Amino acid sequence: MLQTLQYVPEYKEELIYPAICKSLDALGIADDMRPGLKVVIKPNLIIAKKPEFPATTHPLVIKAVVRWLREHGISDITLAESSGGLYNAEYMKNIYHVCGMRQLEPDVSLNMDFSAQTLSTRPGFANHSFHIITPVAKADYVINICKLKTHAMTGYSGGIKNLFGVIPGLEKPQMHYRWPELSDFSRMLLELAQTVSPQLTIIDAIDAMEGNGPTGGTSHPLYMLLAARDLYTQDYFAAGLMKLNPMKIEMIRQAVESGLARPDEIELVGDPVPEGLTPFQLPDTKNLDFTDNLPGFLKKPFLFFAGRLLKSYPQLDREKCIGCGKCAESCPAHVIRIVEKKSKNASSQKPGKKAVFGKKGCISCFCCQEMCPMKAISVKKAL
Ligand code: SF4
Ligand code: SF4
């Protein structure tokens, strides 16, 4: 499996474009190009944040890919994403604007078709079909361009996890509700990835995110662009660059055990893995999970008896909360309410709308934390 790594010290067009050319040439992507090919780029635009903040795919990485495609005779190029939250014209226009995607026009069309299609999956999958956004469903060729990040629920977010953004809008929280256990959710992600089956996956790790990813963490640059046709093995490789144990990331472990990821076959081309990479800080949800240190044979019985006490729950910082309701909108269990709080005395917190979290029914998916623009949600253990 060919894996490319290109050293890119900063987000500058003149540095990124040659790196993309070298990567795509090494992977033989030019051989796939033919006149009339309908190409869809699937970025990570999870939240309306500026490109300088490491939550979303940097527009200059996409711009370089678009330039390469056009130089290879491809003109039908669409950028399509269903961010966290709603999937409609008003919401996505703001995402495109804030995330810096407008600068890609007119070389690429920013998707404004908010319909979805049902695609059947392979026999034997737990998900018999997926409802996915139309441009991706109808594409001849999908290029998955993700951001390298930690993730509160899955631990890691790269190529596989990025494809969850083909599920339209608030159907994503429904998927969390359908598959609340990490093992089932991870299997769903792998089935979805095999259904979308992107021809190429590029990881923007020039800057990456550590800590409370995928939206509330901090910068941890790796100064790298990664690319591969095989997104499963690439995720194994990229998790290693973050100094995470890939076999402790459930979706990667399942990918290895099912034969989708083949880490023994990685053939690295381009720049070497640099010396002195430092471990990414984990999200609070994972830092508090000391069951990782238990021997395997003790873990299951321990979780059976102590599972409820060890469960993580969201905790609100009321001072930071502005009552925007994005957490409630994304909560699959509908346990968040937005209420008007009155100030009891002058020294107490300011009055106004605030979120109120019910513990009963919470499935600890942390979609609320993911969507909070104010970083007002942290993690606490029931114990
Ligand atoms: S917790 Fe965050 S997302 Fe929820 S209402 Fe408050 S500010 Fe908005
Ligand atoms: S409160 Fe937060 S963690 Fe709990 S189910 Fe709702 S979105 Fe998920």
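Because the structure is a prediction, the values reported are computed rather than measured.

Parameters at a glance
Residues numbered from 1 in each chain as written. Chains lettered and ligands numbered in written order. Predicted model: local features only at pLDDT ≥ 70, side-chain atom pairs only at ≥ 80, totals over all residues. Heavy atoms only, no water. Near = heavy atom within 4 Å. Nonpolar A, V, L, I, M, F, W, Y, C, P; charged D, E, K, R; others polar. Phe/Tyr/Trp six-rings, centres within 6.5 Å; stacked < 30°, edge-to-face > 60°. Helix = DSSP H or I, 4+ residues; strand = E, 2+ residues; numbered from the N terminus. Buried < 20%, exposed > 50% of the residue type's maximum accessible area, 1.4 Å probe, protein only. Lys NZ or Arg CZ within 6 Å of the ring centre and 35° of its normal.

(A) A look at the site of ligand 1. With respect to spatial proximity, the complete set of residues near ligand 1 consists of Leu316, Cys321, Ile322, Gly323, Cys324, Gly325, Cys327, Ile338, Cys372, Pro373, Met374 and Ile377. In terms of residue class, the shell around ligand 1 is made up of ten nonpolar, two polar and no charged.

(B) Expanded view of the site of ligand 2. Near ligand 2 you find 14 residues, and of these Cys331, Cys362, Cys365, Phe366 and Cys368 are the closest. Counted by class, the shell around ligand 2 contains 13 nonpolar, one polar and no charged residues.

(C) Spatial organisation of the packing of aromatic side chains. In this structure the tally under the stated criterion is two aromatic pairs. Between Tyr87 and Phe114, the ring centres sit 4.9 Å apart and the planes meet at 85 degrees, which makes this aromatic pair edge-to-face. Here the residue Tyr87 occupies a position in the loop between strand S3 (76-79) and helix H3 (89-98), and Phe114 occupies one in the loop between strand S4 (109-110) and strand S5 (116-120), the gap between them amounting to 27 residues. The class of Phe114 is partly exposed, set by a relative accessible area of 24%. Taking 5.3 Å as the distance between ring centres and 80 degrees as the angle between the ring planes, the aromatic pair formed by Phe164 and Phe185 counts as edge-to-face. In this pair, Phe164 sits in the loop between helix H5 (159-162) and helix H6 (171-178) while Phe185 sits in helix H7 (residues 182-196), placing the two residues 21 residues apart along the sequence. For the residue pair Phe164 and Phe185, the accessibility class agrees, reading buried in each case. Residue placement shows Arg67 over the ring face of Tyr17; its charged tip is 3.6 Å from the ring centre. Here Arg187 stacks its cationic end above the ring of Trp179, 5.0 Å away from the centre of that ring.

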